[in-house]
Amino acid sequence: MSEGLQRCFVLHRRPYSESSLILDVFSEEYGRVTLMSKGARSKRSNLKGALQPFTPLLLKWSGNGSMKTLRQAEPISLGLPLSGIFLYSAMYVNELLGRVLMAEVAMPGLFHDYLHALTELAQAENPEPALRRFELALLSAMGYGVDFLHCAGTGEPVDPKMTYRYREQKGFIASVRFDNLSFRGDELIAISERRFVTKEQLQAAKRFTRIALKPYLGGKPLKSRELFISRAPRARSIEK
């Protein structure tokens, strides 16, 4: 049972029986939790429009199994104004959390990173920097520690003008070879600082987060990425 009302966001919802919903939520104090909301789809339910993704909520639930029962729900505010490529980008963030987070593992820091990412997407002109910053925050929260600022072979500080090749579980090692696992020193510094000024820095960050997230996502494609490509006309030039 949750201790009082908890700050939450709905990651995913699906119908259950004739009038209920099963909710996958991300809570500040309990992490990812699965809830049954009985009667939420009925015409008389006052929750019908509230239990939506990207709407800040206060939720309370009970139960000891893998699926809890929702007891109380209050929207904190209106849903964040997301549309077009920004909505698809936010859906991608939700799908990432649903796929990689273990159930009921508290990650309050990541909850704040998630809230910041949604807020940034609602205000940004380009979704990419927000997505890259959140992916890096997610990897860090899961314990995927990488030193972007030192050569793993020598321990020397990364030289902005040199090339480094990524080796899983080791880090970045100075190399003259340049392929999909290779990064310039200035790109590594930008990733470390979560500061993306140039298109090349954003592309390098995307390359790294895809490499790092692949073991967690497996071979199953992300539905939000497919939706992003198929429905957003501008998405082909700034694909996640």
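Residues numbered from 1 in each chain as written. Predicted model: local features only at pLDDT ≥ 70, side-chain atom pairs only at ≥ 80, totals over all residues. Heavy atoms only, no water.

## Here's the deal with the pairing of strand β3 (residues 31-37)
Then step 1. β3 sits mainly inside the fold: seven of its seven residues count as buried.
Then step 2. Of the strand pairs in this sheet, strand β2 (residues 20-27) and β3 are connected by seven bridges, and their pairing is antiparallel. Across the sheet, residue Leu21 finds its bridge partner in β3, namely Ser37.
Then step 3. Counting the residues that bridge the hairpin from β2 to β3 gives three residues.
Then step 4. Bridge count for β3 against strand β5 (residues 67-75) is three bridges, and the pairing is parallel. By the bridge assignment, Leu35 is partnered in β5 with Lys68. (Buried < 20%, exposed > 50% of the residue type's maximum accessible area, 1.4 Å probe, protein only. Helix = DSSP H or I, 4+ residues; strand = E, 2+ residues; numbered from the N terminus. Pairing = 2+ DSSP bridges.)

## Section: the environment of Val146
Then step 1. Within the secondary structure, Val146 is located in the loop between α3 (128-141) and β6 (163-167).
Then step 2. For the pair Val146 and Thr163, spaced 17 residues apart in the sequence, the C-alpha separation amounts to 17 Å.
Then step 3. If sequence neighbours within four positions are ignored, Val146 has contacts with Tyr166, Phe172 and Phe208. (Contact = heavy atoms within 4.5 Å.)

## Structural notes on the pairing of β6
Then step 1. Of all five residues making up β6, four are buried, and the element is well covered by its neighbours.
Then step 2. In this sheet, strand β8 (residues 182-184) lies alongside β6 in antiparallel orientation, the contact comprising three bridges. In the sheet register, Thr163 faces β8, and the bridge partner there is Arg184.
Then step 3. From the end of β6 to the start of strand β7 (residues 171-174), which pair antiparallel, there are three residues, and Gln169 there has a positive phi angle of about 70°.

## A look at the packing of helix α1 (residues 84-100) against α3
Then step 1. Viewed as axis vectors pointing N to C, α1 and α3 meet at an angle of 10°, and their least axial separation amounts to 11 Å. Taken as axis vectors, α1 and α3 run roughly parallel relative to one another. In this structure, α1 uses Ser89, Tyr92, Val93, Leu96, Leu97 and Val100 to contact α3, whose residues at the interface are Leu131, Phe134, Glu135 and Leu138.
Then step 2. Residue composition of the contact of α1 with α3, by class: eight nonpolar, one polar and one charged. (Axes fitted to C-alpha atoms, helices over the stretch in contact; angles between N-to-C directions. Parallel < 35°, antiparallel > 145°, perpendicular 65-115°, else oblique. Nonpolar A, V, L, I, M, F, W, Y, C, P; charged D, E, K, R; others polar.)

## Observations concerning α1
Then step 1. Counted at 1.5 Å a residue, the expected span for α1 with its 17 residues is 24 Å, and the 25 Å between its end C-alpha atoms agrees.
Then step 2. The element α1 is largely enclosed, with a buried count of 12 among its 17 residues.
Then step 3. Every buried residue belonging to α1 is among Ile85, Phe86, Tyr88, Ser89, Ala90, Tyr92, Val93, Asn94, Glu95, Leu96, Leu97 and Val100, and all of these are buried. (Expected span 1.5 Å × (residues − 1).)

## Details of the domain arrangement of the chain
Then step 1. Domains assigned within the chain are domain 1 (6-75) and domain 2 (84-229).
Then step 2. The C-alpha centroid of domain 2 is placed 29 Å from the C-alpha centroid of domain 1.
Then step 3. Between domain 1 and domain 2, the contact holds 19 residues from the first and 20 residues from the second.
Then step 4. Each partner contributes to the roughly 1600 Å² buried at the junction of domain 1 and domain 2, and carbon and sulfur atoms together form 67% of this total.
Then step 5. Its largest share of buried area at the contact with domain 2, domain 1 owes to Phe26, Arg32 and Phe54, together 44% of the area lost on that side.
Then step 6. Scanning the region where domain 1 abuts domain 2 turns up one salt bridge.
Then step 7. Glu104 serves as the salt-bridge partner of Lys68, at 2.6 Å between the closest nitrogen and oxygen.
Then step 8. The tally of links from domain 1 across to domain 2 stands at five residue pairs in polar contact (both at pLDDT 80 or more).
Then step 9. Taken together, the elements giving at least two residues each to the side of domain 1 that touches domain 2 come down to β1 (6-16), β2 and β3. (Domains from an automatic or database assignment. Buried area = accessible area lost by both parts, 1.4 Å probe. Salt bridge = Lys/Arg side-chain N within 4 Å of Asp/Glu carboxyl O. Polar contact = N/O pair within 3.5 Å; in protein donor to acceptor, adjacent residues only side chain to side chain.)

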